[in-house]
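What follows is each chain in one-letter form.
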Amino acid sequence: MNVQGKSIVVTGGAKGIGKALCQRFAKEGARGIVVADIDGKLAAEVAGEIDGMAVAIDVSNETDMVRLVQHAIDRYGQIDLFCSNAGIMVPGGADASDADWARIMGVNVMAHIYAVRAVLPAMLARGEGYFLQTVSAAGLLSQIGSAPYSVTKHAAIGFAEWLSIMHGGSGIKVSALCPQGVRTDMLFRAKPEENFLLEGSVTPEHVAESVIQGLACEQFLILPHPEVSEYFRRKADDYDRWLRGMRRLQDRITSKKAEV
């Protein structure tokens, strides 16, 4: 896909990766960009910079998602590319509260499902459309320190795979964006002793460039960190060895925390 002349929706578009995507799509000549975010004020600021449209939305609320899609169609006629980008981090393991599990499931998993429910029928009717779903390298590998994040990102990858398998033959394209460390608020909020992804992290603009290249090739996995492909291969080649390596990483982080 070449985004020039396309109508695009980006959730979580007010900052971080989402903002960088909106700005890059505008630079590439997109016909219309809808900046959707729970922070309506910030969304409006980004939309103002790129001559787009802002919509305040809670992506975990299906009614909000339907409203977003309708606004986009009313303004631009159709949605060519839907970027389901919003995501959150919740710390903890199995002991994380039910409320936290429900909240992260709503944003990191159900939001993708709500978007597809709202957008897919029109795409199927015209025989074309594209979904870009921001997941994480954690969906292919895992996430040290957060069971909710790891579980929901694995689920998001599973849904993206299913969507591509089920509807790829009907003109529906799907890409899963799986970066590792990206210099956004989510990365900088981590405690220093736990922030092992800071080294080797990339800018949101770097991720946006990877997206443009990935969309042009219409590839399923878009990996701003090429090393993730090698880690994923090693995991598949020898799962037990990979798990031992992840335990060693966990032990190093635990030791650093004890020293603080």
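About the cut-offs
- Residues numbered from 1 in each chain as written.
- Predicted model: local features only at pLDDT ≥ 70, side-chain atom pairs only at ≥ 80, totals over all residues.
- Heavy atoms only, no water.
- Helix = DSSP H or I, 4+ residues; strand = E, 2+ residues; numbered from the N terminus.
- Contact = heavy atoms within 4.5 Å.
- Buried < 20%, exposed > 50% of the residue type's maximum accessible area, 1.4 Å probe, protein only.
- Pairing = 2+ DSSP bridges.
- Right-handed = clockwise from strand over helix to strand, strands pointing away.
- Axes fitted to C-alpha atoms, helices over the stretch in contact; angles between N-to-C directions.
- Polar contact = N/O pair within 3.5 Å; in protein donor to acceptor, adjacent residues only side chain to side chain.
- Expected span 1.5 Å × (residues − 1).
- Arc of directions from axis to C-beta.
- Salt bridge = Lys/Arg side-chain N within 4 Å of Asp/Glu carboxyl O.

With respect to the side chain of T184
On the secondary structure map, T184 appears in the loop between β6 (172-177) and α7 (185-188). Setting aside residues up to four positions removed in sequence, T184 forms contacts with G16, I17 and P204.

Here we look at the pairing of strand β5 (residues 129-134)
A regular strand carries its side chains on alternate faces of the sheet. By the criterion of burial, β5 is predominantly enclosed, with six of the six residues buried. Burial along β5 is two-sided: the residues G129, F131 and Q133 and Y130, L132 and T134 are all buried. Note that strand β4 (residues 81-84) and β5 share four bridges and pair parallel. Bridge assignment links S84 to a residue of β5, and that residue is Q133. Note that the unit made of β4, helix α4 (residues 98-126) and β5 has a crossover that is right-handed. Where β5 lies against β6, six bridges are found, and the strand directions are parallel. Within β6, the residue paired with T134 across the bridge is L177.

Notes on the environment of A86
Inspection of the secondary structure puts A86 in the loop between β4 and α4. Judged by its relative accessible area of 16%, A86 falls in the buried class. Distance from A86 to D37, taken between C-alpha atoms, is 7.8 Å for residues 49 residues apart in sequence. Dropping the residues within four chain positions of it, A86 is found in contact with T11, G12, V59 and V107.

Quick look at the sheet that holds strand β1 (residues 7-11)
Strand order in the open sheet formed by seven strands is β3-β2-β1-β4-β5-β6-β7, with parallel pairing between adjacent strands. Only two strands of the sheet have a single partner each, and these edge strands are β3 (53-56) and β7 (221-222). This element, helix α2 (residues 40-50), spans β2 (32-37) and β3 of the sheet and lies at about 165 degrees to β2.

Examining the side chain of N85
In this structure, N85 sits in the loop between β4 and α4. Taking relative accessible area as the criterion, N85 reaches 9% and is therefore assigned buried. A polar side-chain atom of N85 sits 3.3 Å from the main-chain carbonyl oxygen of G12. With residues near it in sequence (within four places) discarded, N85 still touches V10, T11, G12, I17, G18, L21 and T134.

As for helix α3 (residues 62-76)
Here α3 contains 15 residues, and its C-alpha end-to-end distance of 21 Å stays within 8% of the 21 Å for a straight helix at 1.5 Å per residue. For α3, the complete set of buried residues consists of D64, M65, L68, V69, A72 and Y76. The buried residues of α3 occupy an angular sector of 135 degrees when projected down its axis, which confines them to one face. Exposed side chains of α3 directed beyond 90 degrees from the buried face belong to T63 and D74. By the N-cap criterion, in which a side-chain oxygen at the helix start approaches the backbone nitrogen of a residue two or three places on, α3 is capped by N61, the distance to T63 being 2.9 Å. Immediately beyond the C-terminal end of α3, within one or two residues, lies G77, with a positive phi of roughly 90 degrees.

Details of the pattern of salt bridges
In the structure shown here, the tally under the stated rule is nine salt bridges. Linking R117 and E62 is a salt bridge whose minimum nitrogen-to-oxygen distance equals 3.0 Å. Residue R117 is located in helix α4, and its partner E62 is located in helix α3; the two are separated by 55 residues in the primary sequence. Under the relative-accessibility criterion, R117 is labelled partly exposed at 49%. By relative accessible area, E62 is classed as partly exposed at 30%. In this structure, D64 engages R67 in a salt bridge whose closest nitrogen and oxygen atoms are separated by 3.4 Å. Of the two residues, D64 and R67 both sit in helix α3, three residues apart, roughly one turn of that helix.

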